[in-house]
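Topology and contacts: notes
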There are 2 protein chains.
Amino acid sequence: MGDYPSPDMADVELVDVLKALGDPVRLQIVHKLADGEPKPKTLDGWGLDLTKSTMSHHFRTLREAGLTRTIVHGRTHAIQLRRDELDQKFPGLVEAVLGER
Amino acid sequence: MGDYPSPDMADVELVDVLKALGDPVRLQIVHKLADGEPKPKTLDGWGLDLTKSTMSHHFRTLREAGLTRTIVHGRTHAIQLRRDELDQKFPGLVEAVLGER
DNA sequence: CAAACAGTTCGACAACCATCGAACTGTCAC
DNA sequence: GTGACAGTTCGATGGTTGTCGAACTGTTTG
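An account of the accompanying structure is given in this report. (Residues numbered from 1 in each chain as written. Chains lettered and ligands numbered in written order. Predicted model: local features only at pLDDT ≥ 70, side-chain atom pairs only at ≥ 80, totals over all residues. Heavy atoms only, no water.)

On to the nonpolar core. Leu 93 of chain A together with Leu 93 of chain B are the most contacted members of the largest nonpolar core, which totals 56 residues. Once residues within four sequence positions are removed from consideration, Leu 93 of chain A is found in contact with Leu 14, Val 17 and Leu 18 of chain A together with Leu 93, Ala 96 and Val 97 of chain B. (Core = buried A, V, L, I, M, F, W, Y, C linked by side-chain atoms within 4.5 Å. Buried < 20%, exposed > 50% of the residue type's maximum accessible area, 1.4 Å probe, protein only. Contact = heavy atoms within 4.5 Å.)

Okay, structure coming up:
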């Protein structure tokens, strides 16, 4: 398989981040990623009853919007929130969205 | 004309707020409202080249998502960011979206 | 009252999007 | 190597959305 390029944070636009977050499935995924640890895409605990192709679509959307990065490990993939970069580019945004405070 | 009810902030969902903000036109409108002052819907300075019906659609979307309130003044309407309520319900969100810091 | 004005609503249209199943690609285990 | 496994991609489908023009509603001003 190919690779899964995340955009440079310099090219990430706020409106695209917000659009990606403006979907209940993706917002929930981001919540599960809040602790910063990479999570396998196969995770049972997403709490979502969707097919793999739909999940794949959302993972791609999050990655292309700049919110996550994909870590390939043989035949398994993990997804991780780009927390540090996001905090630098959009200070307070992730914190506010996750409701931490 | 009827009235323009804003939802109770208790009923406002984060995902709907984010979806409303995830559009370039509406994000720009919110930026213009950042100072908290009500702005007439007729404002020339929105910086948007759209018809009145399209603007009306976006104003409605923002209001129904809980982001703004409409102030009717005879035949003119003003729109205002619900800053205090939003700050209370989603601390730091508006600040982060507006890029204040 | 009549005309101008501010704004909404409606219908249409195209573009986009979430979802699914099926087919496909790459990797690991046997 | 062959089959199971993890994940992506593709095509289709139905629903949503952004945009416009035209018609409409309510308000102010002559």
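The structure having been displayed, the exposition proceeds.
Running from amino to carboxyl end, helix H1 (residues 14-21) of chain A crosses helix H1 (residues 14-21) of chain B at an angle of 145 degrees, the nearest separation of the two axes being 7 Å. The way H1 of chain A lies across H1 of chain B gives a crossing that is left-handed. Taking contact as the criterion, the partners of Val 15, Leu 18 and Leu 21 of chain A in H1 of chain A are, on H1 of chain B, Val 15, Leu 18 and Leu 21 of chain B. A per-class count over the contact of H1 of chain A with H1 of chain B returns six nonpolar, no polar and no charged. (Axes fitted to C-alpha atoms, helices over the stretch in contact; angles between N-to-C directions. Helix = DSSP H or I, 4+ residues; strand = E, 2+ residues; numbered from the N terminus. Left-handed = near helix turned anticlockwise from the far one by under 90°. Nonpolar A, V, L, I, M, F, W, Y, C, P; charged D, E, K, R; others polar.)

This next bit is on the pairing of strand E3 (residues 76-81) of chain A. Residue and element names in this part refer to chain A. Most of E3 is tucked away: five of the six residues are buried. As defined by bridge partners, strand E2 (residues 68-73) adjoins E3 across six bridges and the pair is classed as antiparallel. The residue bridging Thr 68 from the neighbouring strand is Leu 81, located in E3. Hairpin connection, E2 to E3: the antiparallel pair is bridged by two residues, and Gly 74 has positive phi, about 65 degrees. (Pairing = 2+ DSSP bridges.)

Further remarks concern the relation of the copies chain A and chain B. Superposing chain A onto chain B takes a rotation of 180 degrees combined with a translation of 0.0 Å along the rotation axis, leaving an RMSD of 0.0 Å. In short, the pair behaves as if placed about a two-fold rotation axis. When the interface residues of chain A are mapped onto chain B, 100% of them are again interface residues, pointing to one common binding face. (Least-squares fit on C-alpha atoms with pLDDT ≥ 70 in both.)

On the surface, a cluster of negative charge is made up of Asp 8, Asp 11, Glu 13 and Asp 16 of chain A. When you line up the elements, Asp 8 of chain A lands in the segment before H1. (Patch = residues over 30% accessible without salt bridge, like charges linked within 9 Å, V, L, I, M, F, W, Y side chains within 5 Å. Areas by Shrake-Rupley, 256 points an atom, 1.4 Å probe, with all protein chains shown as cover. Salt bridge = Lys/Arg side-chain N within 4 Å of Asp/Glu carboxyl O. Lys, Arg positive; Asp, Glu negative; His and termini not counted. Charge placed at Lys NZ, Arg CZ, Asp CG, Glu CD.)

Right, let's get into empty space enclosed by the protein. Summed over all chains, the structure comprises two cavities of 30 Å³ or more. What lines the largest cavity is simply Val 17, Leu 21, Val 30, Leu 67, Leu 81, Leu 86, Phe 90, Leu 93, Val 94 and Val 97 of chain A. Among the secondary structure elements, those contributing two or more residues to the lining of the largest cavity are H1 and helix H5 (93-98) of chain A. Residue contributions to the lining of the largest cavity peak at three residues, all from H5 of chain A. Across the lining of the largest cavity, the residue classes break down as 10 nonpolar, no polar and no charged. Quantified by volume, the second largest cavity comes out at close to 50 Å³. What lines the second largest cavity is simply Val 17, Leu 21, Val 30, Leu 67, Leu 81, Leu 86, Leu 93, Val 94, Val 97 and Leu 98 of chain B. Of all elements in the fold, only H1 and helix H5 (93-98) of chain B reach the threshold of two or more residues within the lining of the second largest cavity. With four residues, H5 of chain B is the largest single contributor of residues to the lining of the second largest cavity. For the lining of the second largest cavity, the class distribution of residues is 10 nonpolar, no polar and no charged. (1 Å grid on protein atoms, 1.4 Å probe; cavity = no way out; pocket = protein on both sides within 12 Å on 5 of 7 lines; lining within 4 Å. Points joined across faces, edges and corners; volume = space filled by probe spheres on them.)

Spatial relationships are all this shows, so hold off on functional conclusions.
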